Structures are given as structure tokens and as C-alpha cells.
Amino acid sequence: MKKQLDSIVTHIVLIAVCILFAFPVLWLVLASFSKSGSIYDIDGFFPDQYSLASYRRLFTDTTMYDYPNWLGNTLYVAVFSSLIGTVLVILTAYTISRFQFKARKLLMKSTLILSMFPSFMGMTAVYLLMVNFGLINQLWSLILIYAAGAPMGYLVQKGYFDTISNTIYEAARIDGASNITIFLKVTLPLAKPMLVYTALTQFAWPWSDFILPNLLLKNKDLWTVAVGLTHLDETQFTRFAAGAVFIAVPIVILYFALSKFLVMGVSSGAVKE
């Protein structure tokens, strides 16, 4: 009886938490379909009339708010940041996991301590560096910063590489494989779930980040979606909601499409003896 009561209470709490977090999302989605454009015309929690006009204006009325261009800039930055960042994270994690060198423990402790500090603490220094290198108003400056900061989050990938049995590497070395061959032909095929996870997380960060693009991109034509949407005024709230919903759709699709592969890959493990 006590276990049943605990289970009921737990489920009630979980359902309440889900509703608490889901309600703002539902409200924003419904607001994006509001026929009225201003937030002040929405009476109560939900709109009185619904329309697709906000989505149409989002892609057709680009005189002042060029959402398609912002979307292209965001996609450009996110894709290249994901590709470069994934390579750097995987290489860092594999090196820390499989090779022993003098500064290894010091490097791990240093990165762990540095990761405790919020990233925005270094924004002033980043801005001054970008000014001195002439990289203000350059999309590549965002890509370089995102990719350069990616290896700081190598601990998850390192933990995955640590689970791969040493017997696999020893067998490959007996067959005459070099370190590069072992990495490319042995480690990477076993690490497909971790590669997908890394690429997805490295894509999601620049896709939705606001602070760094707002700091470095002053030209309106170079804005990302996160920066552009914040410059919409109150009379364009439904367009803001539509843009926010549309930018969230690719991430949601990616997570749903890859979640099964991730769970199955990680749970099955990489070691087969």
C-alpha cells in the first residue's frame, strides 16, 4: 500500500512539473497563430482568433525584418561550428582517454575548474580580442569561438572512450595498426552514438545562442535569428512567436529522429567480447 501511495504521489508531482514547463511552450505556439499582431491585443492567456498570417509575414515581409536571411546566417554558423567543434571534441577526448602524458591530470583538473565559471564572464575579453583581430561583423568569428570552446566539454566523450576495452586496441596493435589507423578504423566506428550526440549538442548551442552573436554582429544583415527576433517591437509579437516556434522545429525534429539511435547505441555498448 505504501509503495502504491508513493507511486501515485510521484506521478502527480511529475505530471504537475510537466504541465508547469509545457504551458509556456503551448502558449507561445498558440500565440504564433494569433490573428492580431500585437501582444496587447491578446485578451487572456490564449488568442481569440487564429491565423497563419504571422508565418506568411515571417517569410514574405522582409523589408525591415529579414527572417529568411537571419535563418540562413544561423544555419551557416551552426553547421560549421558543429562540424569543426565535433572534430576538436572527439580528438581531445580520445587523446585524454587513451594517452598518458605528464600534463594530463593537470589539464583535466584545469578544464574542470574553468568549466565551473559561466561563459559570459569572458565576453569582454572575447570582444576585445575580436576587435584587435578585425573579426567584428564576421560570421566566421562566431564559428571560431564556438569551435574553440567546444573541447572544454570533452568529459562526456572521454567517459565513453574509457568504456572501450583495451583488448580491442591491443589486438589492433598486434596486427600492425598505427595510432591514426586505430582511431579512424576502430574507435570511430565504435563511437557512432557519441559522434551523433556530440554533433547534435555542438549544433544546438550556436543555433539558439543570443549573447555572443549580439555582442559581435552589429550589421543587421549578419544577425542570427536569436538576435533578430529580439529587435521586433511589441506590435510584432505574433511574428516573434512564429519565428521562435519555427527556429525550434529543426532541433525538435533532430532530437526525435536521433534519440532512438542514441539510446540504442549507448545502451548496447561498444565492447563485445
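Rules used throughout
Residues numbered from 1 in each chain as written. Predicted model: local features only at pLDDT ≥ 70, side-chain atom pairs only at ≥ 80, totals over all residues. Heavy atoms only, no water. Helix = DSSP H or I, 4+ residues; strand = E, 2+ residues; numbered from the N terminus. Rg over C-alpha atoms; globule rule 2.2 N^0.38 Å. Buried < 20%, exposed > 50% of the residue type's maximum accessible area, 1.4 Å probe, protein only. Contact = heavy atoms within 4.5 Å. Areas by Shrake-Rupley, 256 points an atom, 1.4 Å probe, with all protein chains shown as cover. Lys, Arg positive; Asp, Glu negative; His and termini not counted. Charge placed at Lys NZ, Arg CZ, Asp CG, Glu CD. Salt bridge = Lys/Arg side-chain N within 4 Å of Asp/Glu carboxyl O. Arc of directions from axis to C-beta. Phe/Tyr/Trp six-rings, centres within 6.5 Å; stacked < 30°, edge-to-face > 60°. Lys NZ or Arg CZ within 6 Å of the ring centre and 35° of its normal.

It is not clear to me how the overall build of the chain should be interpreted in this structure. Could you clarify?
A count of helices and strands for the chain gives 13 helices and zero strands. Listed N to C, the secondary structure of the chain is α-α-α-α-α-α-α-α-α-α-α-α-α in terms of helices and strands. A compact globule built from 273 residues would reach a C-alpha radius of gyration of about 19 Å, whereas the chain, at 23 Å, exceeds it by more than 25%. Oriented by its inertia axes, the alpha-carbon framework of the chain measures out at about 70 × 70 × 30 Å. Burial analysis of the chain (273 residues in total) assigns 35% to the buried set. Here the analysis covers contacts within the chain between residues at least 6 apart in sequence; of these, 76% occur between residues at least 24 apart. Accessible surface, the chain: about 16400 Å² in total, of which carbon and sulfur atoms supply 70%. If you average the places of the 19 positive and of the 14 negative side-chain charges in the chain, the two averages end up 14 Å apart.

What is the right way to read the pattern of salt bridges from this model?
Side chains that differ in sign of charge can pair as their charged atoms come close. For the structure on display, the rule yields two salt bridges. In this structure, the salt-bridge partner of Asp61 is Arg239, at a minimum N-O distance of 2.9 Å. Of this pair, Asp61 sits in the loop between helix H2 (53-60) and helix H3 (67-98) while Arg239 sits in helix H13 (residues 237-268), and the two are 178 residues apart along the sequence. For Asp61, a relative accessible area of 33% puts it in the partly exposed group. For Arg239, a relative accessible area of 3% corresponds to the buried category. When the shortest N-O distance is used, the salt bridge between Lys158 and Asp162 registers 2.7 Å.

Looking at this structure, how should I read the environment of Ala204?
Within the secondary structure, Ala204 is located in helix H10 (residues 192-208). Spatially, the C-alpha atom of Ala204 lies 27 Å from that of Phe133, the residues being 71 residues apart in sequence. Beyond its immediate chain neighbours, meaning those up to four positions away, Ala204 contacts Ile251 and Tyr255.

I keep staring at the side chain of Thr224 and nothing clicks. Help me out?
The residue Thr224 is located in the loop between helix H11 (211-216) and helix H12 (225-230) in this model. Look at Thr224 and you get buried, because its relative accessible area is 3%. Among residues more than four places away in sequence, those in contact with Thr224 are Trp70, Thr74, Leu142, Asp209, Pro213 and Leu217.

Got a minute to help me understand the environment of Leu71 in this structure?
On the secondary structure map, Leu71 appears in helix H3. Put simply, Leu71 and Leu229 are 158 residues apart on the chain and 11 Å apart in space, counted from C-alpha to C-alpha. Beyond its immediate stretch of four places on either side in the chain, Leu71 contacts Phe59, Trp207, Val225, Phe246 and Ile247.

Could you clarify how one ought to interpret helix H7 (residues 155-162) in this entry?
The α-helix advances 3.6 residues per turn, and as a result positions three or four apart in sequence lie on the same side. For H7, the complete set of buried residues consists of Gln157, Lys158, Tyr160 and Phe161. Considered in projection along H7, the buried side chains sweep an arc of 160 degrees and stay on one side of the axis.

Help me understand the packing of aromatic side chains, please; the structure alone is not making it clear to me.
Geometry of an aromatic ring pair is reported as the spacing of the ring centres plus the angle between the planes. Tallying each qualifying case throughout the model produces 15 aromatic pairs. For the pair Phe80 and Trp140, a centre-to-centre distance of 5.7 Å together with 50 degrees between the ring planes defines the contact as tilted. Pair noted here: Phe80 is in helix H3 and Trp140 is in helix H6 (residues 139-149), with a separation of 60 residues, a long-range link. Given a relative accessible area of 32%, Phe80 falls into the partly exposed group. For the pair Phe237 and Phe240, a centre-to-centre distance of 6.1 Å together with 25 degrees between the ring planes defines the contact as stacked. You can see Phe237 and its partner Phe240 sitting in helix H13, three residues apart, about one turn around the helix. Under the relative-accessibility criterion, Phe237 is labelled buried at 12%. By way of ring pairs, the aromatic residues Tyr94, Phe99, Phe161 and Phe183 are connected into one cluster. When the ring centre of Tyr65 is taken as reference, the NZ or CZ atom of Lys220 above it lies at 5.7 Å.

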